[in-house]
Amino acid sequence: MEEIFDLINEMSPYLLLGFFLAGLMHAFVPNKVYSKYLAGNSFSSVLYAALFGVPLPLCSCGVIPTAMSLRREGASKGAAVSFLIATPQTGVDSIIATYSLLGLPFALIRPVVALLTSLFGGQLVNVLGDKEEATAISAVQARTQENKSFWERIKEALHYSFVDMMQDIGKWLIMGLIVAGLITVLVPDSFFALFKDNSLLSMLIVLACAIPMYLCATGSIPIAVALMLKGLSPGTALVLLMAGPACNVASILVINKVLGKRTLILYLTAIIGGAILFGLGIDYLLPREWFTGSLTAMMDDCCHTTPEYFNIGCTILMFLLLLNAFGRKFFLKEECSCGCHDEHCHCHDEECHCHDEHCHCHDEECEDDITVEFLVSGMNCNHCRSSVENAILSVPGVETATVSLEKENAIVHGEFQVDEIIKAVESIGFDIKTK
């Protein structure tokens, strides 16, 4: 347990800073910026997708609907694949956390590798993938959002940083720390000495374990640290940090369903080939001390008895924020302006004061409107919920859409065609049906 506490203590200040920077990006960078430059089967669209994806703090499940939404708004298949590869491997939060535990070389190489592999994968799809029209396949007319003041955006950034991201990434971070602890306790110190002279074999073993698993970019860091402390080579650790977040069973199924089997094969080729190539490059071309020096320093620091009060304070703060985030998710329901106690209600009629959980205002002017409940499967985080909600709201005639992550449903109100709702949600990779 002492090793786990040391890992948390080292990461907590950087995690808090990373979460905050991620919130600022979410609140101040318009979504249209990401879709504007991604149309067309050109290298520039692939490059823009990779550059947009590297700093974005999207987890491995949240990136799937986001990429599929960009696809619906006109992004090419190559750009979508580039975004899918670059985004989950890294992000401002994971880059900072990588620096905290694995040192500057890993923190620099990780986003560079994510960028290069995403460029390779996206261009591979452009050249060898199924041919398509360069124009948007189904451009969505996004709903206009009211202009928010600076302080409203700061409030949104804080909520996104320390509530939404804590809910989405927190559980995977905790699981990563638990796995790291189990590795520390159960794996013999001499285990990876078996692969000392065969980096390729150890990389293939790590790939076989990492590709089907769900690992977020931040949660994979303590696992990589624990494995390196047991003797895993830096190149093989990079393979884990790349392949674990970039690919999992969910992403494989969605890409196959939405983008096609050929695109899926090219996507996996780019991830596996890139991971092995860069992993071997680190092991055989770069000094090992570049990547193990920070671990040695961390182990030396553990021997000192002087408490690091700032780090401990950050650890306590992060623990309290996690408790608050999960408490809000499972126990609290916020009251919206219509008097409804559903956390994600979108009814904003001042004359509506119904306290029903799925309140929708029915005045005389909307007698022809309908309310339909849909069951939605595949949502794993707030990004998934938001993507489903935006897809439904993009359908003509939809007035309000209340999507619940916990209940896996959507309550839709307005004058719309049910088939259009189903088509819009399925196009971003989720399964939906009427209740």
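Cut-off values and rules
Residues numbered from 1 in each chain as written. Predicted model: local features only at pLDDT ≥ 70, side-chain atom pairs only at ≥ 80, totals over all residues. Heavy atoms only, no water. Helix = DSSP H or I, 4+ residues; strand = E, 2+ residues; numbered from the N terminus. Buried < 20%, exposed > 50% of the residue type's maximum accessible area, 1.4 Å probe, protein only. Contact = heavy atoms within 4.5 Å. Areas by Shrake-Rupley, 256 points an atom, 1.4 Å probe, with all protein chains shown as cover. Expected span 1.5 Å × (residues − 1). Axes fitted to C-alpha atoms, helices over the stretch in contact; angles between N-to-C directions. Parallel < 35°, antiparallel > 145°, perpendicular 65-115°, else oblique. Left-handed = near helix turned anticlockwise from the far one by under 90°. Phe/Tyr/Trp six-rings, centres within 6.5 Å; stacked < 30°, edge-to-face > 60°. Pairing = 2+ DSSP bridges. pLDDT = per-residue confidence, 0-100. Patch = residues over 30% accessible without salt bridge, like charges linked within 9 Å, V, L, I, M, F, W, Y side chains within 5 Å. Salt bridge = Lys/Arg side-chain N within 4 Å of Asp/Glu carboxyl O. Core = buried A, V, L, I, M, F, W, Y, C linked by side-chain atoms within 4.5 Å. Nonpolar A, V, L, I, M, F, W, Y, C, P; charged D, E, K, R; others polar.

Can you break down the overall build of the protein chain residue by residue, with the values?
Scanning the protein chain from N- to C-terminus turns up 16 helices and four strands. Each of the 435 residues in the protein chain was classed as buried or not, and the buried ones make up 53%. For the protein chain, contacts bridging at least 24 residues in sequence account for 79% of all contacts bridging at least 6. Split by element, the accessible area of the protein chain, about 20300 Å² in all, is 62% carbon and sulfur.

Got a sec to walk through helix α5 (residues 77-89)? Specific residues and values, please.
For α5, built from 13 residues, the straight-helix expectation of 18 Å at 1.5 Å per residue is met to within 8% by its first-to-last C-alpha distance of 19 Å. Buried residues dominate α5, accounting for 13 of its 13 residues. Directly after α5, the chain includes Gly 91, whose backbone phi takes a positive value near 160°.

Describe in detail the packing of helix α4 (residues 63-72) against α5, supporting the description with residues and values.
At a closest axis distance of 9 Å, the pairing of α4 and α5 adopts a crossing angle of 160°. One way to sum up the angle between α4 and α5 is to call them roughly antiparallel. Considering only the axes of α4 and α5, their crossing is right-handed. For the pair formed by α4 and α5, the contact residues are Val 63, Ile 64, Thr 66, Ala 67, Met 68, Leu 70 and Arg 71 on the first element and Lys 77, Ala 80, Phe 83, Leu 84, Thr 87 and Pro 88 on the second.

Explain the packing of aromatic side chains residue by residue, including any values.
Applying the stated criterion across every chain yields a total of six aromatic pairs. Between Phe 28 and Phe 150 the ring centres are 5.8 Å apart and the planes differ by 50°, which places this aromatic pair in the tilted class. Pair noted here: Phe 28 is in helix α1 (residues 2-28) and Phe 150 is in helix α7 (residues 150-186), with a separation of 122 residues, a long-range link. Its relative accessible area of 35% is what places Phe 28 among the partly exposed residues. Clustering of aromatic rings is evident, with ring pairs tying together Phe 28, Phe 150 and Trp 151.

Describe in detail the sheet that holds strand β4 (residues 431-434), supporting the description with residues and values.
Strands sit in the order β2-β3-β1-β4 across an open sheet of four strands; the sheet is antiparallel. The open sheet terminates on both sides in strands that have one partner only, identified here as β2 (398-404) and β4. For this sheet, the mean angle separating the axes of adjacent strands, direction not counted, is 25°. Where strand β1 (residues 370-377) lies against β4, four bridges are found, and the strand directions are antiparallel. Among the inter-strand pairings, Leu 375 is bridged to a residue of β4, identified as Lys 433. Strands in contact with helix α16 (residues 418-426) are β1, β2, β3 (409-414) and β4; relative to β4, the strand with the most contacts, it is inclined by about 165°.

Describe in detail the side chain of Gln 89, supporting the description with residues and values.
Here Gln 89 lies in helix α5. Among residues more than four places away in sequence, those in contact with Gln 89 are Ser 94, Arg 110, Ala 114, Thr 117, Ala 217, Leu 241, Met 242, Pro 245 and Ala 246.

How would you explain the confidence of the model for the protein chain if you had to name every residue and give the values?
Overall, the prediction assigns the protein chain a mean pLDDT of 79, with 80% of residues at 70 or greater. Here helix α2 (residues 32-36) stands out as the element of the protein chain with the lowest mean pLDDT, 67, in contrast to helix α12 (residues 261-285), whose mean of 93 is the highest. Below a pLDDT of 50 lies the segment residues 133-145, which in the model reaches 18 contacts outside its immediate sequence neighbourhood of four places, other chains included. This model gives residues 334-367 a pLDDT under 50, and the stretch forms 68 contacts once residues within four places in sequence are excluded.

Help me get a handle on the environment of Ala 237, residues and values and all.
Looking at the secondary structure, you find Ala 237 in helix α10 (residues 234-246). In this structure Ala 237 comes out as buried when scored by relative accessible area, which is 0%. C-alpha separation for the pair Ala 237 and Ser 220, spaced 17 residues apart in sequence, amounts to 9.7 Å. With near-sequence residues (within four places) excluded, Ala 237 lies in contact with Phe 106, Ala 224, Met 228 and Leu 232.

Account for a nonpolar patch on the surface, naming residues and giving values.
Residues Ile 174, Ile 178, Leu 182, Val 185 and Leu 186 make up a contiguous nonpolar surface patch of roughly 500 Å² in combined accessible area. Relative to the elements of secondary structure, Leu 182 occurs in helix α7.

Please provide a residue-by-residue account of the nonpolar core, values included.
The nonpolar side chains of a soluble globular protein tend to be buried, and buried together. Ranked by internal contacts, the top residues of the largest apolar core, which has 110 residues, are Met 166, Tyr 267, Phe 374, Val 388, Ile 392 and Ile 421. The leading source of residues in this core is helix α6 (residues 92-128), at nine residues.

Let's hear about unusual backbone geometry: which residues, and what values?
Of note, the phi angle at Glu 408 is positive, near 55°, even though the residue is not glycine. Note that Glu 408 resides in the loop between β2 and β3. For Glu 408, a relative accessible area of 39% puts it in the partly exposed group.

Outline the environment of Leu 201, supporting the account with residue identities and numerical values.
Position of Leu 201 relative to the elements: it lies in helix α8 (residues 199-210). Sequence separation between Leu 201 and Thr 236 is 35 residues; the distance between their C-alpha atoms is 9.5 Å.

I'd like to hear about α4, residue by residue, with values.
Here α4 lies mainly inside the structure; ten of its ten residues are buried. Among the residues trailing α4, Gly 74 stands out with phi positive, at a value near 120°.

Quick rundown of the packing of helix α3 (residues 43-53) against α6? Include the residues and the values.
Between α3 and α6, whose axes approach to 9 Å, the crossing angle comes to 145°. In the packing of α3 onto α6, the handedness of the crossing is right-handed. Contacts from Phe 43, Val 46, Leu 47, Ala 50 and Leu 51 in α3 reach Leu 115, Ser 118, Leu 119, Gly 122, Gln 123 and Asn 126 in α6. Each residue belonging to the contact of α3 with α6 can be placed in one class, and the counts come to seven nonpolar, four polar and no charged.

How would you explain the pattern of salt bridges if you had to name every residue and give the values?
What the rule picks out here adds up to three salt bridges. Measuring nitrogen to oxygen at the nearest pair gives 3.7 Å for the salt bridge that ties Glu 373 to Lys 435. Note that Glu 373 is positioned in strand β1 and Lys 435 in the segment after β4, a separation of 62 residues in sequence. Looking at Glu 373, the relative accessible area reads 24%, which means it is partly exposed. According to the relative accessible area criterion, Lys 435 is exposed, its value standing at 68%. A salt bridge links Arg 385 to Glu 389; its shortest N-O distance comes to 3.1 Å. Within this pair, Arg 385 and its partner Glu 389 are both found in helix α15 (residues 382-393), separated by four residues, close to a single helical turn. Pair check on accessibility: Arg 385 and Glu 389 agree, each one buried.

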